[in-house]
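What the coordinates show
Here are the chains, one letter per residue:
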Amino acid sequence: MKRKPVIAGNWKMNKTVAETKELIAQIRKLNVYKAAEVVVCVPFTDLASAVKACKGARIGVGAQNIAWADKGAFTGEISAEMLKEAGVKYAVIGHSERRQYFGETDAGVNKRTAQSLKHGIIPIVCVGETESERNDGVTDKVNESQIRGAFAGIAAEGARKTIVAYEPVWAIGTGRTATKEDADAAIGFIRRVLAKLYGKPVANRIRILYGGSMNAKNCDELMSMPEIDGGLIGGASLIAADFCRIIESAKSKF
Ligand code: PGA
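Residues numbered from 1 in each chain as written. Predicted model: local features only at pLDDT ≥ 70, side-chain atom pairs only at ≥ 80, totals over all residues. Heavy atoms only, no water.

1. What about the site of the ligand?
The ligand sits among 13 residues. The nearest are K12, H95, E167, G173 and S213. Within the side chain of N10, an N or O atom sits 3.4 Å from an oxygen atom of the ligand. Contacts to the ligand include E167, whose side-chain N or O atom sits 2.6 Å from an oxygen atom. When isolated, the ligand has an accessible area of 280 Å², and the protein chains bury 95% of it. (Near = heavy atom within 4 Å. Polar contact = N/O pair within 3.5 Å; in protein donor to acceptor, adjacent residues only side chain to side chain. Areas by Shrake-Rupley, 256 points an atom, 1.4 Å probe, with all protein chains shown as cover.)

Dropping the structure here:
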């Protein structure tokens, strides 16, 4: 089944408002290829200006987190309503840096995913094993439990809209990309887990991205794999030419 490819930039804690405007202007100038779903996930303080800068460009703007509650005493959190008001369409949830440095758990990822769907924001749910888990041969087990955790109680209708990003932790920001075969196998496995939860027709519609040192050089081979529906790009998304080159690699999907 054909799935529309997604190329999403995860800027992490990079770029001020002025820099955001500049980088989006550069992407707009270079990006002639419109067939992929293109997303930039920027810091909270950049959201409003990113939305403005992307107007008319078919680039969606995403946040890098979303609160699980509607409002109230949750210091430091940003609600779905606030994000929607800013024009945000996507939210990265459960990135390994959130899990590693800020205590994000599968239960939190699940609540944030449900909240995101409730408000019509597309969740980009991140899962992936650490290096020691891979060495211990528990890659599939870890990914299965993170997927089951994230999707607990989520109805098929929401699951179908959700984007999953498989990001092996050892490949993030390290320059060590998973081989295209390993990435494809892990994503194929995740799709089978989703098929167990929702049935094959739903699982076959869910876009599953690869993330972890994906760049302008390795994007073509990663995107050539049948299970890989796109990329969640960190470092390379901060360089307009590289990000646009990765967007172009989605051509192979059509
Ligand atoms: P990277 O980051 O492309 O810099 O490895 C990917 C991510 O963390 O989403």
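2. Concerning helix α12 (residues 240-249)
For the α-helix, the turn length of 3.6 residues means that residues three or four positions removed from each other point alike. Taken together, the buried positions of α12 are A240, F243, C244, I246, I247 and S249. Buried residues along α12 sit against β1 (6-10), α1 (17-30), β2 (37-41), α11 (219-223) and β8 (230-233). (Buried < 20%, exposed > 50% of the residue type's maximum accessible area, 1.4 Å probe, protein only. Helix = DSSP H or I, 4+ residues; strand = E, 2+ residues; numbered from the N terminus. Contact = heavy atoms within 4.5 Å.)

3. Focus: the environment of I187
Within the secondary structure, I187 sits in helix α9 (residues 180-198). Separated by 13 residues in the primary sequence, I187 and T174 have C-alpha atoms spaced 20 Å apart. Once you skip the residues sitting within four places of it in the chain, I187 turns out to touch Y166, I208, L209, Y210, E227 and I228.

4. Observations concerning the nonpolar core
Counting 65 residues, the largest nonpolar core has I7, V40, F151, V164, L194 and Y210 as its most contacted members. Of the residues forming this core, the biggest block, eight residues, is contributed by α9. The residues touching V40, leaving out its near neighbours within four places in the chain, are G9, W11, I24, C54, I59, G60, V61, G62 and F243. V39, V92, I163 and L209 belong to the second largest nonpolar core, which has 12 residues in total. (Core = buried A, V, L, I, M, F, W, Y, C linked by side-chain atoms within 4.5 Å.)

5. Notes on unusual backbone geometry
Of note, K15 is a non-glycine position whose phi angle comes to about 85 degrees, a positive value. Tracing the backbone shows K15 in the loop between β1 and α1. A residue is classified by how much of its surface remains accessible, and K15, at 29% relative accessible area, is partly exposed. The phi torsion at R58 lies on the positive side, around 50 degrees, for a residue other than glycine. Its place among the elements puts R58 in the loop between α2 (47-54) and β3 (59-63).

6. A few points about the pairing of β3
Within β3, five of the five residues are buried, leaving the element largely enclosed by the surrounding structure. By the alternation rule, side chains of β3 split into I59, V61 and A63 and G60 and G62, which are all buried. What joins β2 to β3 is α2, and the crossover it makes is right-handed. Handedness of the β3-helix α3 (residues 80-86)-strand β4 (residues 90-93) crossover: right-handed. (Right-handed = clockwise from strand over helix to strand, strands pointing away.)

7. What about the packing of aromatic side chains?
Inspection of the entire model under this criterion finds three aromatic pairs. A ring pair is formed by Y101 and F102, whose centres lie 6.4 Å apart and whose planes are at 85 degrees; its orientation type is edge-to-face. Grouping residues by exposure puts Y101 and F102 together as exposed. On the numbers, 6.4 Å between centres and 55 degrees between planes, the contact of Y166 with Y210 is tilted. (Phe/Tyr/Trp six-rings, centres within 6.5 Å; stacked < 30°, edge-to-face > 60°.)

8. Regarding the pattern of salt bridges
Overall, the coordinates contain 17 salt bridges when judged by the stated rule. A salt bridge links E157 to K161, with the shortest nitrogen-to-oxygen separation between them at 3.8 Å. Residue E157 and its partner K161 are located together in helix α8 (residues 156-161), separated by four residues, close to a single helical turn. The class of E157 is exposed, set by a relative accessible area of 53%. Note on K161: relative accessible area 46%, which makes it partly exposed. (Salt bridge = Lys/Arg side-chain N within 4 Å of Asp/Glu carboxyl O.)

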